[in-house]
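What follows is each chain in one-letter form.
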Amino acid sequence: MTGSPYLTVERVTFRYGEGPVVLDDVALSIAKGEFVAVIGPSGCGKSTLLRLLAGLALPTVGRLTVAGQPIQGPGLDRAVVFQDYSLFPWMTCRDNIILALERAGLGATKAERREIALGYLALVGLAQDGDKLPGELSGGMRQRTAIARALAVNAPILLMDEPFGALDEITRARQQDLLLDLWQGGQGEKEAGKTVFFVTHDVEEAVILGDRVVVMGAHPGRVVREVPVTLPRPRSRMGSLKHRNFSVLRDLLLTELNLVVDEGLEPAVTAGAAI
Ligand SMILES: Nc1ncnc2c1ncn2[C@@H]1O[C@H](COP(=O)(O)OP(=O)(O)OP(=O)(O)O)[C@@H](O)[C@H]1O
Ligand SMILES: [Mg+2]
């Protein structure tokens, strides 16, 4: 990390009730404006860590902070894209965003909030779909609505849980470029320089987007490695894919992931896989 810490996870251990330890002594320090990508095997606690940052759960041990203040609940400073999108099913896409704007105190009038909502829907390629209910959309469209909602409320911190996981390859590539462009200020100052905590299961996506990739291991969930992404900014997806550092970073992260996945397997299974 360069710069002073803005979002911190300080020696956090977490259990759901009396259950097993899900996160064990996790420490992370994220600078203002930094883009951190998080990868790790399924069940290692990525979503749990994101929920703690969102203030939707409190740590069993340790603390999390924003700008030096302990996180004690959800706040307008943090917008979240959940892994399951979390849209209200009885409201149209547009109204889901308008409600979030209302809650964030944005837009002076209903008409203004409607304009803002439509603008963000257009940004994610859903200009024609604002009147639809989430149940009338594909998974990828619901996911894009949730992304539009998180962007619309203009929080300085974006917590995103596999936001592009349900998208087809082309749409995913476009959304990656859009996020890069927004974050780098290509769509105006308002969008630029957000602090992003981005969970993904896609190593290439982590490298394309992140300033740093945090690798988590499972049982219990913990940070096993942090890898700075040595690709120049501003970036585009294609520019990053073609950069000579790209494959080195991807291979390094894949090796790390393989190590943590092997660690979590029974010895017999690991031995079998090696033959
Ligand atoms: N509400 C809950 N109550 C009890 N245990 C939970 C709850 N939510 C998650 N867990 C457990 O916590 C562990 C971490 O889950 P989490 O959803 O954080 O993993 P993840 O890394 O996001 O996985 P994935 O990549 O599959 O989304 C898992 O063992 C899971 O079973
Ligand atoms: Mg998850």
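Residues numbered from 1 in each chain as written. Chains lettered and ligands numbered in written order. Predicted model: local features only at pLDDT ≥ 70, side-chain atom pairs only at ≥ 80, totals over all residues. Heavy atoms only, no water.

1. Focus on the site of ligand 1
- Within the structure, ligand 1 sits among Tyr16, Val22, Pro41, Ser42, Gly43, Cys44, Gly45, Lys46, Ser47, Thr48, Gln83 and Glu162.
- One of the backbone nitrogen or oxygen atoms of Cys44 is found 3.2 Å away from an oxygen atom of ligand 1.
- Protein burial of ligand 1: of its 640 Å² of free accessible surface, 56% is covered by the chains.
- Here the shell around ligand 1 takes three residues from helix H1 (residues 46-54), the largest share from any one element.
- When grouped by side-chain class, the residues that make up the shell around ligand 1 number four nonpolar, six polar and two charged. (Near = heavy atom within 4 Å. Polar contact = N/O pair within 3.5 Å; in protein donor to acceptor, adjacent residues only side chain to side chain. Areas by Shrake-Rupley, 256 points an atom, 1.4 Å probe, with all protein chains shown as cover. Helix = DSSP H or I, 4+ residues; strand = E, 2+ residues; numbered from the N terminus. Nonpolar A, V, L, I, M, F, W, Y, C, P; charged D, E, K, R; others polar.)

2. Section: helix H8 (residues 244-263)
- The end-to-end C-alpha separation of H8 is 30 Å, in line with the 28 Å expected for 20 residues at 1.5 Å each.
- Those residues of H8 not exposed but buried are Phe246, Leu249, Leu253, Glu256, Leu257 and Val260. Seen end-on, H8 carries its buried residues on one side only, within an arc spanning 110 degrees. Turned more than 90 degrees away from the buried face of H8, the exposed residues are Arg244 and Val248.
- Where the residues of H8 are buried, they touch strand S3 (35-39), helix H6 (203-209), strand S9 (212-217), strand S10 (222-228) and helix H7 (237-242). (Expected span 1.5 Å × (residues − 1). Buried < 20%, exposed > 50% of the residue type's maximum accessible area, 1.4 Å probe, protein only. Arc of directions from axis to C-beta. Contact = heavy atoms within 4.5 Å.)

3. Regarding the pattern of salt bridges
- Under the counting rule described, the total for this entry stands at 16 salt bridges.
- The residue Arg212 makes a salt bridge to Glu34 at a minimum N-O spacing of 2.9 Å. Here the residue Arg212 occupies a position in strand S9, and Glu34 occupies one in the loop between strand S2 (21-31) and S3, the gap between them amounting to 178 residues.
- You can call Glu34 buried: its relative accessible area is 7%.
- Two residues, Glu263 and Arg222, come together in a salt bridge whose shortest N-O distance is 2.8 Å. Here Arg222 lies in strand S10 and Glu263 lies in helix H8, a separation of 41 residues in the sequence.
- On the basis of relative accessible area, Glu263 is assigned to the exposed category, the value being 55%.
- In this structure, a network of salt bridges that share partners links the residues Glu34, Arg212 and Glu226. (Salt bridge = Lys/Arg side-chain N within 4 Å of Asp/Glu carboxyl O.)

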